[in-house]
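# Residue-level structural notes
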Amino acid sequence: MNDFNITLTITDVICCKNCKDSNQVTTAVTSSSQTIELKNNFILNVVRVTSTYFTVLIQNGIETIIRNVFISSPLQLCLPCKCCSHMLTISGIINPT
């Protein structure tokens, strides 16, 4: 699918020894060139969409992570981080185009 419209919800949480930093964003994604900024210099792009899942590319210049996110359940990822826990929860709804 080249033309797509996804309502994407991302919860981005970093937990260190004495603090917790959390951010939740809901946004419409309509292009694979649309970039969503995450914590710790990670970025996310939606690179493929089917009728049951979409594929995300998460990268920070060193690490590259590619995952399929099924619309039936959220995806939880632990991203690489030197001294903290970096948890990411991704869910989405594929809207008709």
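Scroll up a little and you will see the structure.
Cut-off values and rules
Residues numbered from 1 in each chain as written. Predicted model: local features only at pLDDT ≥ 70, side-chain atom pairs only at ≥ 80, totals over all residues. Heavy atoms only, no water. Helix = DSSP H or I, 4+ residues; strand = E, 2+ residues; numbered from the N terminus. Rg over C-alpha atoms; globule rule 2.2 N^0.38 Å. Contact = heavy atoms within 4.5 Å. Phe/Tyr/Trp six-rings, centres within 6.5 Å; stacked < 30°, edge-to-face > 60°. Buried < 20%, exposed > 50% of the residue type's maximum accessible area, 1.4 Å probe, protein only. Core = buried A, V, L, I, M, F, W, Y, C linked by side-chain atoms within 4.5 Å.

Here we take up the overall build of the protein chain. The helix and strand inventory of the protein chain stands at 0 helices and 8 strands. Helices and strands in the protein chain line up, N terminus first, as β-β-β-β-β-β-β-β. Here the protein chain has a C-alpha radius of gyration of 13 Å; the compact-globule value for 97 residues is 13 Å, and the two agree. Its C-alpha atoms give the protein chain principal-axis dimensions of about 45 × 25 × 15 Å. Long-range pairs, those at least 24 residues apart, make up 38% of the contacts in the protein chain with a sequence separation of at least 6.

So, on to the packing of aromatic side chains. Summed over all chains, the structure comprises 1 aromatic pair. With centroids separated by 5.2 Å and ring planes inclined at 50 degrees, the aromatic side chains of Tyr53 and Phe70 adopt a geometry described as tilted. Separated by 17 residues along the polypeptide, Tyr53 in strand β5 (residues 53-59) and Phe70 in strand β6 (residues 64-70) bring together distant segments of the chain. The class for Phe70 is partly exposed, based on a relative accessible area of 42%.

So, on to the nonpolar core. Judged by nonpolar contacts, the single largest core of 21 residues is most densely connected at Leu8, Leu44, Val46, Phe54, Ile58 and Ile90. Counting only elements with at least two residues in this core, the list comes to β1 (6-15), β4 (43-49), β5, β6, β7 (75-79) and β8 (85-94). Each residue touching Leu8, except ones within four places of it in the same chain, is listed here: Val25, Thr26, Thr27, Val29, Ile36, Leu44, Val46, Phe54, Ile90, Ser91 and Gly92.

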